[in-house]
Amino acid sequence: MERKSSQPFVFTIRIAESVDAGLLAELGRSSFYEAFAEETAPEDMAEHLQIAFRIEDITEQLKNDKSLFIIIEISSVAAGYAYLHPEDPPDCVKAPNPIQLVRFYLRKDYYGRNVGNTLMKACLEKARSKGFQSVWLSTWELNHRANAFYKKWGFEIVGRAKFTVGSDVQNDYIFARRI
C-alpha cells in the first residue's frame, strides 16, 4: 500500500533546456500512457506515443524561441511538464493575444497533491510575463479529471475539435481563459 507523506512537497519549477529533450519525451509518453491506456486500444496508444513524443521533434521545439517548456520537479525528480506555444487559435477562441497550452502532463503518482496547481500557476505567470493576455487548450471530452481541473482554474469551454490517437478520432473541448 502506498503511503502519502504528511510533509509537504518542495516544488522546483524550471524552464526546460535542450538537454531535457529526452526527459520531456519520456515524461510525455509515460504521463499520456498512465492517463489514457485504459480507454485506448493498445495499437492506437503505441502509434500515438511513437509519433507524438519523438525526441527529434521536442529538440526542435526547444530550439524555438517562442516555445516554453516548464518542468516541475519534486526532490529533483521530474513530476510533470507543460508546453506553451503561440499557435494560431481556432476561430472559437476570441480571447486577446492568446498562447496555447499544448501539453500539461503529470505523472499519476502526483495527482491530487497540489502539483498540478503549482504547475498551472507557473504557466499562467510565465505566459503573462511574456505579454500574453489569454491561454487556450484542447482536451478530450472524456477526460473528466482534467476538464474539472481546467474549469477550477477559470477556463471555459469555447468550442470543440477533433484529436486523433492512432486511428481513433476523439472529440476534444477547446478551453480558453484570460490571464
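Cut-off values and rules
Residues numbered from 1 in each chain as written. Predicted model: local features only at pLDDT ≥ 70, side-chain atom pairs only at ≥ 80, totals over all residues. Heavy atoms only, no water. Pairing = 2+ DSSP bridges. Helix = DSSP H or I, 4+ residues; strand = E, 2+ residues; numbered from the N terminus. Axes fitted to C-alpha atoms, helices over the stretch in contact; angles between N-to-C directions. Parallel < 35°, antiparallel > 145°, perpendicular 65-115°, else oblique. Left-handed = near helix turned anticlockwise from the far one by under 90°. Contact = heavy atoms within 4.5 Å. Nonpolar A, V, L, I, M, F, W, Y, C, P; charged D, E, K, R; others polar.

(A) Here's a closer look at the pairing of strand E7 (residues 168–178). Note: strand E5 (residues 134–140) against E7, seven bridges, orientation antiparallel. Bridging across to E7, Ser134 finds its partner in Arg178. Alignment of strand E6 (residues 156–165) against E7, held across nine bridges, turns out to be antiparallel. Pairing of Ile157 across the sheet is with Phe175, part of E7. Between E6 and E7, which pair antiparallel one after the other, the connecting turn spans two residues, and Gly166 there sits at a positive phi close to 65 degrees.

(B) Region of the structure containing the packing of helix H4 (residues 115–129) against helix H5 (residues 144–152). Where H4 meets H5, the axes come as close as 12 Å, and the angle between the chain directions of the two elements is 50 degrees. One way to sum up the angle between H4 and H5 is to call them oblique. Seen along the crossing, H4 lies across H5 with a hand that is right-handed. Contact with H4, carried on its side by Gly116, Asn117 and Met120, involves Phe149, Tyr150 and Lys152 of H5 and no other residues of that element. Residue composition of the contact of H4 with H5, grouped by class: three nonpolar, two polar and one charged.

(C) Structural context of the sheet that holds strand E1 (residues 11–15). In space, the seven strands of this open sheet follow the order E1-E2-E3-E4-E5-E7-E6, with mixed pairing throughout. Strands at the two margins of the open sheet, each flanked by one partner only, are E1 and E6. Within the sheet, the average angular offset between the axes of one strand and its neighbour, ignoring direction, is 25 degrees. The strands that helix H1 (residues 21–36) touches are E1, strand E2 (68–74), strand E3 (77–85), strand E4 (98–106), E5 and E6; relative to E3, the one it contacts most, it runs at about 95 degrees. Across the face of the sheet, helix H2 (residues 42–52) comes into contact with E4, E6 and E7 while running at roughly 100 degrees to E6.

Spatial relationships are all this shows, so hold off on functional conclusions.
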